[in-house]
Structures are given as C-alpha cells and as structure tokens.
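Secondary and tertiary structure notes
Residues per chain, in single letters:
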Amino acid sequence: MKLTGAQILWESLVREGVTEVFGYPGGAILPAYDALLDYPIRHTLVRHEQGATHMADGYARATGGVGVAVATSGPGATNMVTGIATAMLDSSPIVCITGQVGSRLIGSDAFQEIDITGITLPITKHNYLVTRAEDVAKTVREAFVIAKAGRPGPVLIDITKDAQQASCIFDWDAAAPTIPGWRHAHPIGQEQLARAAALLNAAERPVILAGHGVMISGAMDPLRQLAERAHIPVAVTLLGIGGFPASHPLNLGMMGMHGEAWVNTAIQEADLLLACGMRFDDRVTGNLKTYAPHAKKIHIDIDAAEINKNVRVDAGLIGDLRDVLERLLPAIAVNERAAWAQRIAGVRGDAAVRDIQQLPDDGHLYAAHVINDLWRATTSDTIIVTDVGQHQMWEAQYYHHDAPRSLITSGGLGTMGFAVPAAIGAKRARPDAEVWAIVGDGGFQMTMCELATAVQERLAIKVAIINNGFLGMVRQWQEFFYERRYAATPLSGPDFVKLAESFGIHASAVSIRGEVLPAIADARAHDGPVVIDFRVEQEDTVYPMVPAGADLDAMIRRPNPIAETGAD
Amino acid sequence: MSLHTFAVYVEDRPGVLNRVASLFRRRGFNIHSLAVGHSEIPGVSRMTAVVQTDPGGAQRIQAHLYKLVNVLRVEDITTRPAIVRDLALIKVTADQQTRTSLVQLAHVFNARIVDVAPESIVLEMSGSEAKIDGLLEVLRPYGVLEMVRTGRIAIARGSGAESTERPSGALEVDEGISYSV
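Residues numbered from 1 in each chain as written. Chains lettered and ligands numbered in written order. Predicted model: local features only at pLDDT ≥ 70, side-chain atom pairs only at ≥ 80, totals over all residues.

Some details on the overall build of chain B
Here is the rule we go by: Helix and strand labels come from DSSP, where a helix needs a run of H or I of at least four residues and a strand needs a run of E of at least two; each type is numbered from the N terminus. What counts as a contact is two residues whose backbone-derived C-beta atoms lie within 7 Å of each other.
A count of helices and strands for chain B gives four helices and nine strands. Partitioning the contacts of chain B with sequence separation of at least 6, the portion at a separation of at least 24 is 73%.

Let's talk about the confidence of the model for chain B
Residue and element names in this part refer to chain B. The line we're drawing: Every residue is assigned a pLDDT by the predictor, reflecting its confidence on a scale from 0 to 100.
Averaged over every residue, the pLDDT of chain B is 87; residues scoring 70 or more account for 87%. Of all secondary-structure elements in chain B, the lowest mean pLDDT belongs to helix H2 (residues 55-67), at 91, while strand E8 (residues 144-149) reaches the highest, 97. Contacts of residues 162-181 to residues separated by more than four positions or lying in other chains number 44 contacts, the stretch itself having pLDDT below 50. The ipTM, which scores confidence in the relative placement of chains, is 0.89 for this predicted complex, and the corresponding pTM is 0.93.

Points about the nonpolar core
Heads up, the rule is: Think of a nonpolar core as buried Ala, Val, Leu, Ile, Met, Phe, Trp, Tyr and Cys residues, each tied to the set through C-beta atoms within 7 Å. Around each residue's C-beta, the other C-beta atoms within 10 Å are counted; 20 or more make the residue buried, 12 or fewer make it exposed, and counts in between make it partly exposed. All C-beta atoms are placed from the backbone.
Counting 201 residues, the largest nonpolar core has Ala69, Val95, Leu209, Ala235 and Cys276 of chain A together with Val8 of chain B as the members making the most contacts within it. Top contributing element to this core by residue count: helix H7 (residues 136-148) of chain A, with eight residues. Apart from the residues within four sequence positions on either side, Val95 of chain A is in contact with Val66, Val68, Ala143, Phe144, Ala147, Val155 and Ile157 of chain A. Judged by nonpolar contacts, the second largest core, of 13 residues, contains Ala94, Leu102, Leu123 and Leu135 of chain B.

Overview of the confidence of the model for chain A
Confidence along chain A averages 95 in pLDDT terms, with 97% of residues attaining 70 or more. Counting interchain partners and residues more than four positions distant, the pLDDT-below-50 stretch residues 564-568 of chain A has 16 contacts.

As for unusual backbone geometry
Residues and elements named next belong to chain A. Here the residue pair Tyr543 and Pro544 is connected by a cis peptide bond, since its omega of -15 degrees sits within 30 degrees of zero. In this structure, Pro544 sits in the segment after strand E20 (530-535). At Asp109, a position not held by glycine, the phi torsion is positive, near 60 degrees. Among the secondary structure elements, Asp109 is positioned in the loop between strand E5 (94-100) and helix H6 (116-119). Even without being glycine, Arg484 reaches a positive phi, approximately 55 degrees. For Arg484, the position within the fold is in the loop between helix H21 (472-481) and helix H22 (496-502). When the 10 C-beta atoms within 10 Å are taken as the criterion, Arg484 is described as exposed.

Description of the packing of helix H3 (residues 49-63) of chain A against helix H5 (residues 81-89) of chain A
Residues and elements named next belong to chain A. To keep it simple, the criterion reads: Every angle, taken between N-to-C directions, lies between 0 and 180 degrees, and every axis is a line fitted to C-alpha atoms, over only the stretch in contact when it is a helix. Comment on the angle field: the value is read as roughly parallel under 35 degrees, roughly antiparallel over 145, roughly perpendicular from 65 to 115, and oblique elsewhere. For this classification, the nonpolar set comprises Ala, Val, Leu, Ile, Met, Phe, Trp, Tyr, Cys and Pro, the charged set comprises Asp, Glu, Lys and Arg, and every other residue, Gly included, is treated as polar.
It is at 7 Å that the axes of H3 and H5 come closest, and there the two elements cross at 25 degrees. Put simply, H3 runs roughly parallel to H5. For the pair formed by H3 and H5, the contact residues are Gln50, Thr53, His54 and Asp57 on the first element and Thr82, Gly83, Ile84, Thr86 and Ala87 on the second. Within the contact of H3 with H5, the residues separate by chemical class into two nonpolar, six polar and one charged.

Some thoughts on the sheet that holds strand E4 (residues 71-76) of chain B
Residue and element names in this part refer to chain B. What counts is decided by this rule: By definition, two strands form a pair when at least two bridges between them are found by DSSP.
Taken together, the four strands give an open sheet; going across it, the order is E2-E3-E1-E4, and neighbouring strands pair in antiparallel fashion. Single-partner strands in this sheet number two, and they are strand E2 (30-38) and E4. Along the sheet, successive strands turn relative to each other by an average axial angle of 20 degrees, direction set aside. Note that strand E1 (residues 2-11) and strand E3 (residues 44-53) share 10 bridges and pair antiparallel. Across the sheet, the residue bridging to Tyr9 is Arg46, located in E3. Of the strands in this sheet, E1, E2 and E3 are in contact with helix H1 (residues 16-26), which crosses E1 at around 150 degrees.

Overview of the packing of helix H16 (residues 367-377) of chain A against helix H17 (residues 390-398) of chain A
Residues and elements named next belong to chain A. Our working rule: By convention the crossing between two helices is left-handed if the near helix lies anticlockwise of the far one by an angle smaller than a right angle, and right-handed if it lies clockwise.
Here H16 crosses H17 at 45 degrees, and the two axes come no closer than 9 Å. With respect to their mutual orientation, H16 and H17 come out oblique. Crossing geometry of H16 relative to H17 is assigned as right-handed. Residues Ala367, Ala368, Ile371, Asn372 and Trp375 of H16 lie in contact with H17, whose contacting residues are Gln390, His391, Trp394, Glu395, Gln397 and Tyr398. In the contact of H16 with H17, the residues fall into six nonpolar, four polar and one charged.

Here it is, written out as structure tokens:
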C-alpha cells in the first residue's frame, strides 16, 4: 500500500490507538493537516501551541494513556517548549509532532525554520528529525514506546514538509520499533528484597512517602495493603495525591513545604522512610543535611538515576513500583505500631484547626474555604486541575482526594497557565467526568484564550478563578522574606464575568461565603463551560510553610490556631 | 572528586555526540576530555569520556547515560586495569641549531618526527597524558607553534571485553520493556 508520509503519520497514530489530538496548523504541517480529514482522529483546535501540549498532558494524566499535540515549524514548535518541559518534569507521556521546513532547506534559516530537536533535546526523553516518508511509521511506533516505557515522558517528532508529501510503501509490521539501547532492568534479587523487608520490619516509626509513581505504575492496591498490614502512615507528594485515599486513617496528607506540621514532624521523627515512586525534590525535603536524620531510607523507583541523587539511601530498589511492592508484601510482618500511631495522633492534635468549615464568618471570603466547599459539593470521581501558586497549595490541603488521577497539577516545573488547557485535555480524555480547573487570576490570564477552545469544542469544563488581585504566592514570599516590598505582584485583570460571557460562557462572581455553594451548584447544573470569579481575600497566606532550604520541621505555623488565614 | 573514565558505546547516528555532551552539561558534570570514534561493531561508536566527579556522581552518570535511547553500553573503567592513551601532534620551532637536540628529545620520549620544514618540525607522540605533558614541558623553550591532542582513549586489559555491568545481549535488538529508557 503506497501512502504519503502525512497519511502514514495518521495511519500510524490510529494504529497506536490515538483518537484525539490537540494542535494548531501552519505552513510546514499543512500536508499532515490535509491528510487528517480522512482519518478517524478528532482534532481540537487550540488557541496557542502551549495549550496543545498542556491539553495532551492533561489527557495523558487523566487516563494514563499517551497525549498527542501537533504544531507547525518555527514559532509553533517553540511555543510547545513550556508544555514539553512540564511533561518532562512530571513524567507525563506525550508525543509532540511538529512540521519542519523541507529537508533541503534545513540549516538555511528558511522562513519558520528552527532547530526544534536541538531546542528540546534536554526536555524530551528522546526526539526525532524525520526527513523521509519511509521513516515516519517506525518513528511513530518508537516514539509511543519510549513515551510510555519506564519513567514516562515527552517525545518530539519533527517531520519535514517533503517527508510528509513524499509517498512510499506503508508496511506496519516492517516498521516495528527497534531500539538497540534498551535494556531489561536487572531483576531485583531476593536478597535485596529481604534486606528492604528486614529494615521495614525492624522499624518502629516508619513512614511511607508516596509519589506520582504510585499512579503511573498503578500501585495503589499493593501500597494500601502494605500500609495496612504494617500500620505505616502514608505521606504523599503533591503529585502523589490520590495515590492513597485521603479518607484513609493511615493517610497523613501532603508532605513538604506546605505540608501540615504533623506530616513533616512524622518524617523528621521517623526511623524509616519507604519512598515509593517519588524523587526527594527540594520542595519535599527542605534542608537535605537535616532531612529525616534518624531514618533509614528505602527508595523504590523505576529510574536508576534517582537513587542516591538527593538523599543517600540504605536500600535502592530499581523497578516498577507495583511489581516491587507486590514482591515485597509477603515479607512484611503484621505490626500494630501502636506507640507510633499514638505519637502521630498527638502531633496532629497539636496542629492548627483544620476544620475550616467551623471558622466564624467574618465577612471575608477565603480561598481555602471556597476550595473546601468545592470538595464538599463534588464527588470523588471529579477531576480537579490546578494551576500554580497559592490556590494550588490550598487545593492540596483542602480538597481531599480519594481517587487516583483525580488531581492534575504541574508539580516539577510549576507552570502557570497549565490549568485551563490541561482541564480541556482531561475533559477530552474523560468526557463523562466532572472537570474543574482551579486557577489563580495570574495563571488564568496566561492561557485564558483557551476558553475559546472549550466553547468551540463544547467542552464543559468548570473554571474556578481564585481571584485575589495578586500574584499571591510570590506576594507571600515577599511578605515573609522581602519585608512586604510588593514588587510587581499587585495584578489587575479584566472583569472575568464579562470576559467569559464574551466567549459565550456562563459566568458568575462570588465574594461572600454564603454564595459559594449556590454558585458551585449552578455551575454543576449548567450544561457547558462555566467560569466563576471567586473574589477572595487579597493578602491571604498559605500556612504552614517551610522556607526554601530550611529544616523540614522549621515551619512557619499558622499565627493563630483558630484563624485559618492571615485575617488579622 | 577524581577523574573517572567511561567507555560509552553509542549508536553511530547524527546528533548522538550532542546528546551525550548535553547530558554532561545539563547535569553539571565537567568533561575533562571526550574522544569519539568507531568501535569494533559496525554502526556503533565508542566514546571515551573522562569526567571529574565522586563515586556517587560516577554512578549517576552511568544511570543518566543509560537513559539516552542511543546509548548502548556504559563501562566505568576507572578502577579496572586498562591501557590509557592520548595522542599529540606538536609543531615546534626548529632551525639548524636546535633541530638536532629536538630529535634527541623526541628519541628520549619515544616520540616520532613526522614532518620537517626549514623552520619547524612536527612531533607525534602517544602515551599517557602525563608523559605527553612531560614532553611538552621540555619543548616549550624551543617554541611550541601549534598542538593538537585527542584526549584520553582507553581500553580494558585482558581478553574479556565484558563488563560485569553488561546485561547479556545488550547490543542486540531488544523488544522488551526496559526500566532505563
């Protein structure tokens, strides 16, 4: 069968199971777009290529599948860079396809020519420049394998215009991936497992640190079994939220910079840490020199390069988390660990009041309250997509996720502007799920153009803008560390209600507590995209906080155990 | 911190050297020298990379290198018995008065004279970096006009090329899922 490179591209994507792509056309990718009309793949037209990559990312994170983004050469490709880096840092499998100028023009600084494989080299797992139609099918197959395998991540395929236009014989079987550099993991030996189990069984004050790897590997069940059998409390990273049910009695909550005091205290007092698919990021460890000083450390990760990177471990188990935990389970002794449970309960009681619903209404609207109300009003299969900043941390603290993949957020790169497009991608992936984007007024203004995408594609995402008129997290740092010198953090914006309405989107504004739940109910009842502008307290602060580089238990605590926020 | 020597087998494809060099730069490792050429396997190049790092860093370098799709095999041969060589071509000012003594010096250092011109000669020397540095030291007073060095290349001693780290069949096409891509 003779096909053009463009046809082979879509044919290969169809065979890889792709039904949705997110993209933006342009000169160098035109042959591919022309061929797209003949293939059963739905294309979501974005308003900016960064949005396409975040949508592909949101799509991937909502399902565990691979998301696909398409753009043209030059600026189309460079606009993808932030989204690719976001996916790289959060181990999210996406395949980005970019058009490139004709192969004879490469290197000539032709119109819209840019070396996108060079640019994305450090932010992709791998990338390809395809200059012949004959190489398209094999490259797509390899790209999907690489994106998904091991520690997932982004792969970019740059295809020249002439490779899209040329024809060749399409032979799917002959295009089977051959990746000579692949190695099987050294199987983890029994003695390594036994050593880890012995450390674990001997521990009196163990804590499990659960990261994104729990979701990626699908290790929720063995993780839960292990925690329950050995009565080990579980602390989660930001991206680990949902990997262990928030409502589980052994759940401690999020660790790190904005983790609750008892979580970080438990880690600092632990005599053993079992790290599962997490990478000891500086946001979760604080000062490495004083991090968990009494603890032996067991680190399970699929990426050998993560072992001993930030924290020296006593046992490093390299492999698929689910597989390793399942093999470890039989060797784990049942143990009540009553004293440790009692100690943690004690520290918990000492912490600030967390039941935000009981706080008296002083007429101010607090973001934490809005987010907690959203949690009360929605079900556990709701997908929440957050942007980056204060609202992201409040979401992590006050929206209690019981289901895996129910929180999608940019953790590693901390990409503002992520939420709205990623929510669109998540809604595409799971059209029957309720999808909320929680976003600050700063991040929202970075990618709010994608509201038009939601309208055009009839994607009923709900957007909750936590609008405090500040770049809130930066303002908070200025409050704590720069003597309240608010350089470039006060932020104006449009009337978000009018803005949304101009897109044809149902919108409302809320500024008092009593209106929060009715506005959420109204949004849920509306069959289409909704924007709610929550006009919250301007100078509100995320507590507790471990200053960057400080000891993990040197937290800035809530100023008053009753007052949730900085309302003086 | 000390110098670690890695033998890295990579697919002979465009951009692979860039990927390896970029990795060292990106992860903050300082390349002391990097030499690339064909290996004994068609389509496979062999790099000798010398990097200043500690043992933990050396382990992470290996793990990171293995994450590059085009990297086939990595061996840390720092502590293994190995032949280590550097090749230098050195052009030195030489006139009627100095030429004889330069020839004698070359003889002492086991260097070869590969070009003689009216006002200069070119010496070729292979050996350890220290030996070449020694030759250079004594040549300087005569006036070194130009010099080029390959950087370190190394091969382990003995018959077996196999490293204990090497999974069998790593150089064959492997259809299975790996942890390290």
